[in-house]
Amino acid sequence: SATRAVDECAMTAYYRTQLSLSASPIPVYSLPGNNDWPECPDPTEGWQYYQSHMMEINNRWNTTLADYQLKRQTQRKENFSFLYKRVLFVGLHMVTNSNEDETTVRLQENMDWVNRNVQQYWNHMDIIFIMGYGRLLATENAPFYNAMVDKMSNEWSSRTMVYARRASKSEFVTNVGGVSNFLELLVGNEWPIMDVRIRTKIGEAATVQYREVEVQKEDDEDVDDDDDEKV
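Cut-off values and rules
Residues numbered from 1 in each chain as written. Predicted model: local features only at pLDDT ≥ 70, side-chain atom pairs only at ≥ 80, totals over all residues. Heavy atoms only, no water. Core = buried A, V, L, I, M, F, W, Y, C linked by side-chain atoms within 4.5 Å. Buried < 20%, exposed > 50% of the residue type's maximum accessible area, 1.4 Å probe, protein only. Helix = DSSP H or I, 4+ residues; strand = E, 2+ residues; numbered from the N terminus. Contact = heavy atoms within 4.5 Å. Salt bridge = Lys/Arg side-chain N within 4 Å of Asp/Glu carboxyl O. Disulfide = S-S within 2.5 Å. Axes fitted to C-alpha atoms, helices over the stretch in contact; angles between N-to-C directions. Parallel < 35°, antiparallel > 145°, perpendicular 65-115°, else oblique. Left-handed = near helix turned anticlockwise from the far one by under 90°. Nonpolar A, V, L, I, M, F, W, Y, C, P; charged D, E, K, R; others polar. Expected span 1.5 Å × (residues − 1). Polar contact = N/O pair within 3.5 Å; in protein donor to acceptor, adjacent residues only side chain to side chain.

(A) A look at the nonpolar core. Core analysis: the biggest nonpolar cluster contains 26 residues, and Val 114, Ile 130, Phe 144, Met 148 and Phe 182 have the highest contact counts within it. Where this core is concerned, the elements lending two or more residues are β3 (87-91), α3 (100-121), β4 (127-131), α4 (142-153) and β5 (160-166). Considering every element that reaches this core, the biggest residue donor is α3, with 6 residues. Each residue touching Met 148, except ones within four places of it in the same chain, is listed here: Met 111, Val 114, Ile 130, Trp 156, Met 161 and Phe 182. Ile 127, Phe 129, Leu 185 and Ile 198 belong to the second largest nonpolar core, which has 16 residues in total.

Following this line, the structure appears as structure tokens:
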């Protein structure tokens, strides 16, 4: 979340986070958390503050010469994606809340966004790295969770998926939903900052490393070139 619960979604809290992150030497991308709108005293006002100060904070950096191209979903600007060295990064609005109608529409749009990007970049990516705030196993997120498990078990089984989310403690969970190529990365509020390394090499296994943990996915696809890249 861009704000803390104690801030009660005051406009100054969003601005403070924006100002702090703007000092980063590399571009920052933001996704909404529970304290950014659904748990605000006035959720509509909180969402307006988030949109104004955090949603497109990455525009504060000049990325015109970057070797990746950022895209945002037309009907849901907070969702974004970019392909970087055979890794497809997808940011999703995954905050759980009590509004069932909003959740149903949002999760369907999230699934559509993932599907669209995977289809577009299928021949150019080995790993689908999804980022979101909410737990995959939260009751409200069940439709998205079930859809991803089905995709990774069948149609997308030759790729590796990582779902990164906020947690109280950092941890790497393997075999999500009993699927060996579906991983969950829990991002804790800890120091030093989380260090994630992804390696892809056409014709060999793609690896995802979190500190001292390494998970390897066997790649049985036929390839016709040799490209060793690291993110």
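Read on, since the account is not over.
(B) Summary view of the pattern of salt bridges. One pass over the full model with this rule turns up 9 salt bridges. Close ionic contact of Arg 4 with Asp 7 constitutes a salt bridge, the shortest N to O distance being 2.9 Å. Residue class for Arg 4 comes out partly exposed when judged on its relative accessible area of 49%. Across the salt bridge formed by Arg 106 and Glu 102, the nearest N and O atoms sit 2.8 Å from each other. On the criterion of helical spacing, the pair formed by Arg 106 and Glu 102 is a turn pair, its members being 4 residues apart in helix α3. A single salt-bridge network, built from bridges that share partners, covers Arg 4, Asp 7 and Arg 16.

(C) Just the state of the cysteines, in detail. Scanning the entire structure with this criterion turns up 1 disulfide. Between the sulfur atoms of Cys 9 and its disulfide mate Cys 40 the distance is 1.9 Å. On the sign convention where negative is left-handed, the bridge of Cys 9 and Cys 40, at about -85° about the S-S bond, is left-handed. Of this pair, Cys 9 sits in the segment before α1 (11-21) while Cys 40 sits in the loop between α1 and α2 (43-53), and the two are 31 residues apart along the sequence.

(D) Region of the structure containing the packing of α3 against α4. Running from N to C, α3 and α4 point in directions that differ by 25°, and their axes come no closer than 9 Å. Taken together, the axis directions place α3 and α4 in an arrangement best described as roughly parallel. Regarding α3 and α4, the two cross each other, and that crossing is right-handed. Contact residues: α3 offers Leu 107, Asn 110, Met 111, Val 114 and Asn 115, while α4 offers Pro 143, Phe 144, Ala 147, Met 148 and Lys 151. Split by residue class, the contact of α3 with α4 holds 7 nonpolar, 2 polar and 1 charged.

(E) Representation of the packing of α1 against α2 within the structure. In contact at an axis separation of 9 Å, α1 and α2 are set at 25° when each is read in the N-to-C sense. Judged on the interaxial angle alone, α2 and α1 are roughly parallel. Between α1 and α2 lies a crossing whose hand is right-handed. Where α1 abuts α2, its residues Met 11, Tyr 14, Tyr 15 and Gln 18 lie against Gly 46, Tyr 49, Tyr 50, Ser 52 and His 53. Considered class by class, the residues forming the contact of α1 with α2 number 5 nonpolar, 4 polar and no charged.

(F) Broad picture of the environment of Glu 155. Checked against the element boundaries, Glu 155 lands in the loop between α4 and β5. Not counting the four nearest positions on each side in its chain, Glu 155 is found in contact with Trp 122 and Asp 150.

(G) Examining α3 more closely. Spanning 22 residues, α3 covers 32 Å between terminal C-alpha atoms, matching the ideal 32 Å at 1.5 Å per step. For α3, the N-terminal capping position is held by Asn 99, with its side-chain oxygen 3.2 Å away from the main-chain nitrogen of Asp 101.

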